[in-house]
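So you can see what is in the structure, the chains are spelled out below.
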Amino acid sequence: MLPGNERHDVERGGKIIMPPSALDQLTRLNIVYPMLFKLTNKRTNRITHCGVLEFVADEGKVYLPYWMMHNLLLEEGDFLQIESVSLPVATFSRFQPQSIDFLDITNPKAVLENGLRSFACLTTGDVIAIKYNQRIYELCVLETKPGNAVSIIECDMNVEFAPPVGYKEPERVKRSEEEMAVDPAELMPEPTGFVAFRGEGNRLDGKKKKEAPANNKTTVKVPYQRGVPDYNYSIGTLRFIRNSRPPSKESAVKNLKVRIYKTIILPVVLYGCETLALTLREEHRLRVFENKVLRKIFGAKRDEVTGEWRKLHNTELHALYSSPDIIRNIKSRRLRWAGHVAHMGESRNAYRVTKNLLKNLKHSLAKDFLFDSLNQRND
């Protein structure tokens, strides 16, 4: 961009700002929309294509993104030829990242799709710039179909990535079949009774056999049989063959916080909830309270497209929590208390009070269910 007030929306995309006189001239011509232009630097014979963002530039000037000026080998104040063109709709494109840092992006296709929204067309050989997570990533357009210059406005385009510049394939280390950390033969009990070939042999020439050191004495191992336990094991020496990956420190801390919430905080909040008559407003406040606690526990989440941190949605919170919410917990406790009262006798005050209250209530399924339970108990 030329010196002056910077326009970040121009720098991030593939569109230029033209003077108002260009709009007047284009309206008189029979052009095909959307407006696409071919930019030519006659001094270096470099060509690219772009769209138009606004017609507010000074007369005789156009404002281009820096990466586009770099592709055209333009300096500030150089002459540029602009032609109105019609380009075919893109069906395929292939990009090559100019840095291996691009591999750190978890979902590169989504990031590219979000960045190309500010572009109108692509030209084979151009190096475009896309901003993601406060960084600028440059991508070289290696191939476009059906032509060397295509329009990407309202199109269904297949995208492929070539290996980044400077990328080296990691050397693959040939591994044998999955090895166990512990030899299963070592877990088998010591052989008892007759064991073949466990004795000593004699030489045919009558000479004495060389005695091997005691520490080099070989021991016969019983072949491992899967599913046969060691009946001679001693308590406290149980060993497992399969290796289990220990949970990460972050997940262990979150699980501990969830356990603290369930065992300490939630019982205090739900104390005596079986006798509470909650309104919709109070239920909403309880849900808001629980969501705040869960957001403190699970933290924020990084958006895969924009790369920015955001709060977890309520559905994401309950999926991570994987337990009934606080309102369902209250309702289940009420039903548990109602069933407990239904099994009491006439001598209990709670039974008599509940039965009298049900007589004064209006007709409802819950009333009929509880009232029938109390009557069946009396019968």
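Residues numbered from 1 in each chain as written. Predicted model: local features only at pLDDT ≥ 70, side-chain atom pairs only at ≥ 80, totals over all residues. Heavy atoms only, no water.

- As recorded in an unreviewed UniProt entry, the protein chain goes by Ubiquitin fusion degradation protein 1 and comes from Periplaneta americana.
- The record held by UniProt for the protein chain lists under Sequence similarities (unreviewed entry) the comment "Belongs to the UFD1 family." (UniProt positions renumbered as here; feature names shortened; annotations may be inferred.)

### Description of the overall build of the protein chain
- Scanning the protein chain for helices and strands turns up 11 helices and 12 strands.
- Relative to its 379 residues, the protein chain shows a buried fraction of 28%.
- Relative to all contacts within the protein chain whose residues are 6 or more apart in sequence, the contacts with residues 24 or more apart total 71%.
- Accessible surface computed for the protein chain: about 28,100 Å², of which carbon and sulfur atoms make up 52%. (Helix = DSSP H or I, 4+ residues; strand = E, 2+ residues; numbered from the N terminus. Buried < 20%, exposed > 50% of the residue type's maximum accessible area, 1.4 Å probe, protein only. Contact = heavy atoms within 4.5 Å. Areas by Shrake-Rupley, 256 points an atom, 1.4 Å probe, with all protein chains shown as cover.)

### Digging into the nonpolar core
- If you look at the biggest cluster of nonpolar residues, it comprises 37 residues, and the most contacted ones within it are L64, M68, F95, L116, L122 and I128.
- Contributing elements (two or more residues each) for this core: helix 2 (20-28), strand 2 (36-41), strand 3 (46-54), helix 3 (66-72), helix 4 (108-115), strand 7 (127-132) and strand 8 (135-145).
- Once residues lying within four places of it in the same chain are set aside, the contact partners of L122 are S93, F95, L116, I128, V141, T144, N148, A149, V150, I152 and M157.
- Formed by 16 residues, the second largest nonpolar core is a distinct cluster that contains L294, L317, Y321 and I327. (Core = buried A, V, L, I, M, F, W, Y, C linked by side-chain atoms within 4.5 Å.)

### Examining the environment of N45
- With respect to the helices, strands and loops of the structure, N45 is situated in the loop between strand 2 and strand 3.
- Sequence spacing of N45 and L72 is 27 residues, and the spatial spacing of their C-alpha atoms is 8.3 Å.

### Notes on helix 9 (residues 326-342)
- Its 17 residues place the ends of helix 9 25 Å apart at the C-alpha level, agreeing with the 24 Å of an ideal helix rising 1.5 Å per residue.
- Of all the residues in helix 9, the buried ones are I326, I327, N329, I330, A338, V341 and A342. (Expected span 1.5 Å × (residues − 1).)

### Digging into the packing of aromatic side chains
- Across all of its chains, the model carries four aromatic pairs by this definition.
- Measuring from centroid to centroid gives 5.9 Å for F102 and Y137, while their planes differ by 75°, and the two rings are edge-to-face. Pair noted here: F102 is in the loop between strand 5 (92-97) and helix 4 and Y137 is in strand 8, with a separation of 35 residues, a long-range link.
- Its relative accessible area of 7% is what places F102 among the buried residues.
- Relative accessible area serves as the criterion here: at 10%, Y137 is assigned to the buried category.
- Measuring from ring centre to ring centre gives 6.1 Å for Y261 and Y321, while their planes differ by 65°; the resulting arrangement is edge-to-face. With a gap of 60 residues between them, Y261 in helix 6 (residues 249-269) and Y321 in helix 8 (residues 314-321) connect regions that are remote in the sequence. Across the pair, Y321 and Y261 agree in class, each one buried.
- Ring pairing ties together the aromatic residues F102, Y137 and F161, which thus form one cluster.
- Above the ring of F92, the side-chain terminus of K145 is found at 5.2 Å from the ring centroid. (Phe/Tyr/Trp six-rings, centres within 6.5 Å; stacked < 30°, edge-to-face > 60°. Lys NZ or Arg CZ within 6 Å of the ring centre and 35° of its normal.)

### So, empty space enclosed by the protein
- Overall, the coordinates contain two cavities of 30 Å³ or more when judged by the stated rule.
- Approximately 40 Å³ is the volume found for the largest cavity.
- Considering the residues around the largest cavity, the lining is formed by G14, T48, H49, W67, F119, C121, L122, T123, D126 and I128.
- Of all the secondary structure elements, the ones that give two or more residues to the lining of the largest cavity are strand 3 and strand 6 (121-123). (1 Å grid on protein atoms, 1.4 Å probe; cavity = no way out; pocket = protein on both sides within 12 Å on 5 of 7 lines; lining within 4 Å. Points joined across faces, edges and corners; volume = space filled by probe spheres on them.)

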